[in-house]
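Coordinate analysis (summary)
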Amino acid sequence: MKKEIKITNFSEVRTLQNIASEYPIDIWVEDAKGSSADAKSLLGMMSLSYDEPISIVVDDKNSEVLDVFMRRLTDASCLEELFKRLNPKLFEKMLDKNK
């Protein structure tokens, strides 16, 4: 089963990788060019193109997990955006610290 999502920055790649690492199933990411990577591998994720939306892929038997995963990913992105708007200086400082 596949679901598409648009990733716009490195922080979102890390969020995706961190959330994927919490699941005991295989989660793959495919870019528009057809390349794929293990969603739990930050190095693999960095090899993909994010110019177009990517697909999150799991076995059909894990479709319920994919729904939960996508909700968590969307919630995490929304919270990050809210934090960035409320306190942009602190947000930038945190990004610099994590580099």
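Scope of this entry: the structure provided in the associated data block. These numbers were taken from a predicted model, which means no experiment stands behind them. (Residues numbered from 1 in each chain as written. Predicted model: local features only at pLDDT ≥ 70, side-chain atom pairs only at ≥ 80, totals over all residues. Heavy atoms only, no water.)

**Focus: the pairing of strand β4 (residues 54–57)**
Put simply, the rule is: A simple rule labels every residue: compare its accessible area, found with a 1.4 Å probe on the protein chains alone, to the largest value its type can have, and call it buried under 20%, exposed over 50%, or partly exposed in between. Numbering of helices and strands runs from the N terminus; a helix is a DSSP stretch of H or I covering at least four residues, while a strand is a stretch of E covering at least two. Following DSSP output, two strands are said to pair if at least two bridges run between them.
Of the two faces of β4, the one lined by Ile54 and Ile56 and the one lined by Ser55 and Val57 are each fully buried. As paired elements, strand β1 (residues 2–5) and β4 share four bridges and run antiparallel to each other. Opposite Lys2, over in β4, you have Val57 as the bridge partner.

**Some remarks on the environment of Glu64**
One can find Glu64 in helix α3 (residues 63–86). Taking relative accessible area as the criterion, Glu64 reaches 53% and is therefore assigned exposed. Taking the C-alpha atoms as reference points, Glu64 and Met1, separated by 63 residues in sequence, lie 9.9 Å from one another.

**Re the pattern of salt bridges**
The criterion, for reference: Only one rule defines a salt bridge in this text: a Lys or Arg side-chain nitrogen within 4 Å of an Asp or Glu carboxyl oxygen.
One pass over the full model with this rule turns up one salt bridge. Here Lys2 and Glu30 are joined by a salt bridge, their closest N and O atoms 2.8 Å apart. With Lys2 in strand β1 and Glu30 in strand β2 (residues 28–30), this pair connects stretches of sequence that are 28 residues apart.

**Regarding the sheet that holds β2**
Spelled out, the test is: Between the N-to-C directions of two axes lies an angle of 0 to 180 degrees, each axis being a line fitted to C-alpha atoms and, for a helix, fitted only over the stretch in contact.
In spatial order, the strands read β1-β4-β2-β3; together these four strands make up an open sheet with antiparallel pairing. Of all the strands in the sheet, just β1 and β3 (36–38) have a single pairing partner and so form its edges. The mean angle between the axes of side-by-side strands here comes to 25°, regardless of whether they run parallel or antiparallel. Here β2 pairs with β3 via three bridges, running antiparallel. The partner of Glu30 across the bridge, within β3, is Ser36.

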